[in-house]
Amino acid sequence: MAVVETECIVLRSYDLADADKIAVLLTADHGIVKAVAKGAKRLKSKFGSGLEPLSRVNAVYFKKETRELVDLDKAEVLESAFDLISSPEVLTQFSYLTDILISLVPAEDPDPAIFRMMNASLGAVRKSPDSLDAVSVYFEAWLLRLAGFFPSWDSCSICKISFREEEAAQIGAEFQLICVRCRKSAGGDTLTAGDREVIARSRRQSPAAFASESIPPETLAKLSAIFKRMIGRATGFDKIDRALHAGVRVPR
Ligand SMILES: [Zn+2]
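Residues numbered from 1 in each chain as written. Predicted model: local features only at pLDDT ≥ 70, side-chain atom pairs only at ≥ 80, totals over all residues.

Asks: Looking at this structure, I do not really get helix H5 (residues 193-204). What am I missing?
Replies: Note: α-helices contain 3.6 residues per turn, so residues at a spacing of three or four share the same orientation. The terminal C-alpha atoms of H5 lie 17 Å apart, and with twelve residues this matches the ideal 16 Å at 1.5 Å per residue to within 8%. Of the residues making up H5, those classed as buried are Asp-195, Val-198 and Ser-202. Here the buried residues of H5 occupy an arc of 60 degrees about the axis, which is enough to place them on one side. Taken together, the buried residues of H5 touch helix H4 (132-146), strand S8 (190-191), helix H6 (207-212) and helix H7 (217-235). (Helix = DSSP H or I, 4+ residues; strand = E, 2+ residues; numbered from the N terminus. Expected span 1.5 Å × (residues − 1). Buried ≥ 20, exposed ≤ 12 C-beta atoms within 10 Å, placed from the backbone. Arc of directions from axis to C-beta. Contact = placed C-beta atoms within 7 Å.)

Asks: Looking at this model, I keep getting lost on the domain arrangement of the protein chain. Mind explaining?
Replies: How big an interface is tends to be reported as the loss of accessible area on association of its parts. One can read the domain layout of the protein chain as domain 1 (1-86) and domain 2 (87-252). The C-alpha centroid of domain 2 is placed 29 Å from the C-alpha centroid of domain 1. Contacts between the two partners involve 19 residues from domain 1, matched on the other side by 21 residues from domain 2. Residue assignment for the side of domain 1 that touches domain 2 shows that the elements contributing at least two residues are strand S1 (2-16), strand S2 (20-27), strand S3 (32-37) and helix H1 (82-85). When grouped by side-chain class, the residues that make up the side of domain 1 that touches domain 2 number ten nonpolar, four polar and five charged. (Domains from an automatic or database assignment. Nonpolar A, V, L, I, M, F, W, Y, C, P; charged D, E, K, R; others polar.)

Asks: Explain the nonpolar core here, please?
Replies: Within soluble globular proteins, side chains that are nonpolar generally end up buried alongside one another. Counting residues in each nonpolar core, the largest one holds 54 residues, and the members touching the most others are Leu-25, Leu-26 and Tyr-138. Counting residues per element, this core draws most heavily on H4, which supplies nine residues. Counting contributing residues per domain, this core is built from domain 1 (1-86) and domain 2 (87-252), each supplying no fewer than three. Among all residues touching Tyr-138, those that are not within four sequence positions of it are Ser-121, Ser-202, Pro-207, Phe-210 and Ala-211. The next biggest cluster of nonpolar side chains, apart from the first, holds five residues, and it includes Cys-156, Ala-169, Leu-177 and Leu-191. (Core = buried A, V, L, I, M, F, W, Y, C linked by C-beta atoms within 7 Å.)

Asks: Mind showing me how you'd approach the packing of helix H2 (residues 88-104) against H7 here?
Replies: Here H2 crosses H7 at 40 degrees, and the two axes come no closer than 10 Å. As far as their axial angle goes, H7 and H2 are oblique. In terms of crossing hand, the pair formed by H2 and H7 is left-handed. Together, Ile-100, Ser-103 and Leu-104 of H2 and Ile-231, Ala-234 and Thr-235 of H7 make up the contact between the two elements. Looking at side-chain class alone, the contact of H2 with H7 contains four nonpolar, two polar and no charged residues. (Axes fitted to C-alpha atoms, helices over the stretch in contact; angles between N-to-C directions. Parallel < 35°, antiparallel > 145°, perpendicular 65-115°, else oblique. Left-handed = near helix turned anticlockwise from the far one by under 90°.)

Asks: Is there a simple way to explain the sheet that holds strand S6 (residues 169-171) in this structure?
Replies: If you trace the three strands from one edge of the open sheet to the other, you get S7-S6-S8, paired in antiparallel fashion. Edge positions in the sheet fall to strand S7 (177-178) and S8, since each of these pairs with one other strand and no more. Of the pairings in the sheet, the one linking S6 to S7 comprises two bridges and is antiparallel in character. Across the sheet, the residue bridging to Ile-171 is Leu-177, located in S7. (Pairing = 2+ DSSP bridges.)

Asks: It is not clear to me how the environment of Ser-131 should be interpreted in this structure. Could you clarify?
Replies: Structurally, Ser-131 is set in the loop between helix H3 (112-127) and H4. Along the sequence, Ser-131 and Pro-207 sit 76 residues apart, while their C-alpha atoms lie 9.1 Å from each other.

Asks: Just to check I follow, could you spell out the environment of Met-118 for this structure?
Replies: Mapped onto the elements, Met-118 comes out in helix H3. Take Met-118: there are 24 C-beta atoms within 10 Å of it, and that puts it in the buried class. Those residues in contact with Met-118 that lie beyond four places of it in its chain are Ile-9 and Leu-26.

Asks: Hey, could you run me through the pairing of strand S4 (residues 56-63) in this one?
Replies: Here is the key point about a regular strand: its side chains alternate between the two faces of the sheet. By the bridge criterion, eight bridges tie S1 to S4 in an arrangement that is antiparallel. Of the residues in S4, the one forming a bridge with Cys-8 is Val-57. Two strands pair when backbone bridges link them, and S4 and strand S5 (residues 70-79) are joined in this way by seven bridges, in the antiparallel orientation. Residue pairing across strands places Arg-56 opposite Glu-79, the latter belonging to S5. Between S4 and S5, which follow one another and run antiparallel, lie six residues.

Asks: Please clarify how the sheet that holds S5 should be interpreted in this entry.
Replies: As summarised here, the arrangement of the five strands in space is S1-S2-S3-S5-S4, forming a closed barrel in which the pairing is mixed. Across the sheet, the mean angle from the axis of one strand to that of its neighbour is 50 degrees, orientation sign disregarded. Relative to S5, S3 runs parallel, the two sharing two bridges. Residue Ala-35 lies in a different strand from S5, and its bridge partner there is Val-70. The strands touched by H2 are S1, S2 and S3; relative to S1, the strand with the most contacts, the crossing angle is about 120 degrees. Contacting S1, S2 and S4, H3 crosses the sheet at an angle of about 100 degrees to S2.

Here you go:
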C-alpha cells in the first residue's frame, strides 16, 4: 500500500452508503483519482469543506495496487471555491467542463498540464467573472488538445500546404481543415482568418491573458459549438445537447 500526498482539485463528490462519500480528484501529478472519504457525511467529519467541488486541496490517500478506489485520509483546503460556486452560472459551466474532463481524460493518466490548465482556468474566472465564456472556450480547446483529439490545424489536410495568416478554411467531416483551393463544395463550417487567430492565441496564452483580449461573443459562440461537436464525437457524450444549452450565450 502506497501513501500519496498531492495537491488536487475536487471535481465531484457524491454520497456512498450511509456515512461515506466518493470524491473525484484531479491531482497535480497522478491524474484523475477516485477516492473514498470514510465518514465524510458525518456532521463532524475530518474532511470539513475539503470535498467541495472546485476546491483546491492538499490530499493524502492510501492506494492499493489491486483497487481502483483509493482511501482518502486528509483533504486540507488550500483554496476554497465558495466564491466561485456561489455563482449559478459559474457552477453550471464548470460542472459541464468537469463532466467533459472526466469523460475525455482516462483515470490515473498523470499529465500535470491538465491540472495546471484547470487551475489556471478557475483562477482566471475567479479574477474576472466576466471572462467565463472565453475561459470555457479556452478550456474546451485545451482539453481536446491534451486528450489528443485536436487535429493539426496548421495546414490543409489535403494538399498539406500551411495556411497563411489571412486565409479562411473549411472544416471537413472529421474536423480536419481544408483550404480554399482543395475544397469541393462551399457547404459546411468555415473558420475565418479571425477565428483561426483566436484559436492560435489560445495555444500560446494563459486563460487569463486569452480572456483579457476582447473576443467577439459570436466568435466565442461559434468556436464553442465546433468544439462541443468535436468533444461529442470524441466521447460519444450523450449529454452534449444539455451542454450546448449550458454553453456560451449568443447575444440577441
Ligand atoms: Zn489544400
